[in-house]
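Now for the letters of each chain:
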Amino acid sequence: MDWSPILISMKTASLSIFITFFIGLFAAWAVVSLKNETLKVICDGILTLPLVLPPTVAGFFLLYLFGVKRPIGQFFIEYFSVKIAFSWTATVLAAVTMSFPLMYRSARGAFEQVDRNLVAAARTLGMSEWAIFRKVLFANATPGIFKVGGVLAFARGLGEFGATAMIAGNIAGKTRTLPMAVYSEVAAGNMDAAYSYVAIIVVIAFISVVLMNWGALVRSRKF
């Protein structure tokens, strides 16, 4: 069995969850802080869109933006000598795009469960918005953010297929992640290798669900 898809998937998922965690966290904070409900609904719809779009459609948009002949893709090639499309970077980009809504919505839900009286009291004491975020919102929403949002986003990034196929391709030893490896082995008739890759994905997915349920239990006891 070729171990490169496992290594590529783990590297991709690890970097993508690091990026997704911070982007999703601050996006959730920004949306929760909005006073205009109409604007909040619009922003939430835009940020959640990758969750409801078919992954191949999301990958199409990524390819449209970061392809070698597209403005953003050409910008990175010209100024940084970095080709994004059909590279390992593209697998991370696809994973971040598809896992971001899960991190964002989990963080937003956790923030909205924090007692608003605590936030009001912090403002009365003269705390800055950044201090309120760190010491009140984030501190009280930690279980939902880490053990639910973080786990789900990591698992989603690890299992991403459609968007990865569009923007990164299926290049052996370079962009072939675990889901892509399963597809390739089945297409080639190598069922034994496919079974091995599937078993690895199932084990990781099961562990993710257990951690998510444990995180939800901890959060329910806390609140």
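Preceding block: the structure.
Throughout what follows, the structure given in this document is the object of discussion. (Residues numbered from 1 in each chain as written. Predicted model: local features only at pLDDT ≥ 70, side-chain atom pairs only at ≥ 80, totals over all residues. Heavy atoms only, no water.)

### Re unusual backbone geometry
No. 1: For Ser 81, which is not a glycine, the phi torsion comes out positive at approximately 55 degrees.
No. 2: Positive phi outside glycine occurs at Phe 86, with the angle close to 60 degrees.

### Examining the pattern of salt bridges
No. 1: One pass over the structure, following the stated rule, counts 6 salt bridges.
No. 2: Close ionic contact of Glu 112 with Arg 108 constitutes a salt bridge, the shortest N to O distance being 2.8 Å. With Glu 112 and Arg 108 both in helix α5 (residues 88–112) and 4 residues apart, this pair spans about one turn of that helix.
No. 3: Judged by relative accessible area, which is 15%, Arg 108 ranks as buried.
No. 4: Here Arg 123 makes a salt bridge to Glu 129, at a shortest N to O gap of 2.8 Å. (Salt bridge = Lys/Arg side-chain N within 4 Å of Asp/Glu carboxyl O. Helix = DSSP H or I, 4+ residues; strand = E, 2+ residues; numbered from the N terminus. Buried < 20%, exposed > 50% of the residue type's maximum accessible area, 1.4 Å probe, protein only.)

### Re the nonpolar core
No. 1: In this structure, Leu 25, Ala 107, Phe 111 and Ile 145 are the most contacted members of the largest nonpolar core, which totals 24 residues.
No. 2: Among the secondary structure elements, those contributing two or more residues to this core are α1 (4–33), α5, α6 (116–124) and α7 (129–158).
No. 3: Looking at this core, the element that brings in the most residues is α1, giving 8 residues.
No. 4: The contact partners of Ile 145, leaving out residues within four places of it in the chain, are Phe 21, Leu 25, Met 103, Ala 107, Ala 110, Phe 111, Phe 138 and Gly 150.
No. 5: With 12 residues, the next largest nonpolar core counts Phe 66, Ala 85, Ala 90 and Ala 168 among its residues. (Core = buried A, V, L, I, M, F, W, Y, C linked by side-chain atoms within 4.5 Å. Contact = heavy atoms within 4.5 Å.)

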